[in-house]
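Results of the structural survey
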Amino acid sequence: MQPSATSPTTILIVDDNEANRALARHTLEDEGYRVVLAAEGVEAIAAFEREQPECVLLDVRMPGVDGFVVCEKIRSLPHGAETSIVFVTALRDVDTFDRALLAGGDDFLTKPVRPAELLVRVQTALKLRRLGASLREHYDLLRRQRDDVLRLQLQKERLMAFVVHDLKNPVNVIDLHAQMLLRQKPAIDPPPAPRSGGSGQEAEEAPADSVERAREAAAQIRGAVKQLNRMILNLLDVSKADEGKLSPKCTRVDLRRLVNDVVAELSIAAQARDVTLTSRFEADRIRADEDLLRRMLANLIENAIRHAPPKTAVAVTVSPQVGAIEIRVADAGTGVPSELRERIFDPFIQLERLEGEANRSGRGLGLTFCKLAAEAHGGAIRVEDARPGAAFVVRIPNGSE
């Protein structure tokens, strides 16, 4: 609550989205602030002149006058230079950030905004507004440093988006040519005459053998390309989740077909490590995003193959639970210590094992994506002791099925 016992602090909220205005209003009014609302730029400027708020929460994209113009106009008005202005926008990029600072913004929040974060930013902006001159200099230095860090973060996100986009084209080209090789058949022309002293049988078998080796190589290429494509999409989806934009598009999914497809896709990788893939079904249907579910399952099976010892099995089990479906992927590898089973879902984590044992890593973003995909469905993922090995268990609500 505000410390003032006389009049509450006034906050002006400017946003053309009614739901956003309502959320910010309820959040701030519950803490004792007086809230004034405006739905567009001209209305916001008039409200500022009339109400003289101590802080303005300002959207960027609005019909008519945008947030940057509103900010510049407020700064030119009486008392406008001393007012805290916090930009609140769905535009998460360096150009928007720089324009917000250039227009005179004090802070920058990206949507969707969590109420607790909104409240802290407003309280901080109001406290900084009342700082003395010497403290203000220290704050300005810290703010410039903060702005530099945020700008670097936004630049990293933009670079990552470019990399993800640019990688898709060459990956698709590689996959296309691998498919062409797989469709290639042995030539039907008569084999060349055997050389003097050579074996006619060897000459006849050489073309077919060469084509078969090419087909095997193409199959390996396709497997690697699919793995690379999953890594690219994982990277993209982890970024979406950070921005609150990972939303599953649920349909009725045939689990038996989906699991069998993924097992077939990864069979070459399993054979290369002398690992057997098995599956067992006690449930056949689920409402889920098929693409997210497929990639989550592929990541889990791929991770299990990588840690399974030779001549062991990776087992996939689909079973019904109360209001949910559980998918269990178990291997007979080194397992994950109980105290580290949450950290394995962190990005790029590698868990330290006991001396003399192999490390078990999350390897990039695969397991991180699995956790985000499960949570996007309203579910969860956990690690259990498979005795021996580890079992990753995904639980997804299935109440409508």
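Residues numbered from 1 in each chain as written. Predicted model: local features only at pLDDT ≥ 70, side-chain atom pairs only at ≥ 80, totals over all residues. Heavy atoms only, no water.

1. Structural notes on the environment of Pro115
Cut-off, in case you're wondering: Strands are runs of DSSP state E lasting at least 2 residues, helices are runs of H or I lasting at least 4, and numbering of each runs from the N terminus.
Relative to the helices and strands, Pro115 is located in helix α5 (residues 115–129). Residues Pro115 and Ala24 lie 91 residues apart in sequence; the distance between their C-alpha atoms is 7.2 Å.

2. Concerning the confidence of the model for the protein
A low pLDDT score tells you not to read the predicted coordinates there in detail. What counts, and what does not: pLDDT is a per-residue confidence score from the predictor, ranging from 0 to 100. Pairs of residues are marked as contacts when any of their non-hydrogen atoms sit within 4.5 Å.
Per-residue confidence for the protein gives a mean pLDDT of 79; residues scoring 70 or more make up 72%. This stretch, residues 1–5, has a pLDDT under 50; its non-local contacts, to residues over four places away or in other chains, come to six contacts.

3. A few points about helix α8 (residues 255–265)
The α-helix advances 3.6 residues per turn, and as a result positions three or four apart in sequence lie on the same side. Counted only if it meets this: The cut-offs for exposure are 20% and 50% of the maximum accessible area for each residue type, with area from a 1.4 Å probe on protein chains only; residues under the lower value are buried, those over the upper are exposed, and the others partly exposed. In this description, one arc is meant: the one made by directions from the helix axis to the C-beta atoms. What qualifies as a polar contact is a pair of N or O atoms within 3.5 Å, subject to a donor-acceptor requirement within protein and to the restriction that residues adjacent in sequence count only when both atoms come from side chains.
Along α8, the residues classified as buried are Leu255, Leu258, Val259, Val262 and Val263. Along the axis of α8, the buried residues cluster in a sector spanning 130°; they form a single face. By the N-cap criterion, in which a side-chain oxygen at the helix start approaches the backbone nitrogen of a residue two or three places on, α8 is capped by Asp254, the distance to Arg256 being 3.1 Å.

4. Points about the environment of Ile45
Its place among the elements puts Ile45 in helix α2 (residues 41–51). Separated by 28 residues in the primary sequence, Ile45 and Lys73 place their C-alpha atoms 7.4 Å from one another. Among all residues touching Ile45, those that are not within four sequence positions of it are Val70, Lys73 and Leu77.

5. Examining helix α4 (residues 94–103)
Those residues of α4 not exposed but buried are Val94, Thr96, Phe97, Ala100 and Ala103. Gly104 sits one or two positions beyond α4 and adopts a positive phi of about 115°.

6. Overview of the nonpolar core
So the rule is basically this: The term nonpolar core refers to a set of buried residues drawn from Ala, Val, Leu, Ile, Met, Phe, Trp, Tyr and Cys, joined through side-chain atoms within 4.5 Å.
Formed by 46 residues in total, the largest nonpolar core has its most connected members in Leu293, Met296, Leu297, Leu300 and Ile301. A total of nine residues in this core trace back to one element, the largest contributor, which is helix α10 (residues 290–307). Membership of the second largest hydrophobic core comes to 24 residues, among which are Val14, Ala47, Ala100 and Phe108.

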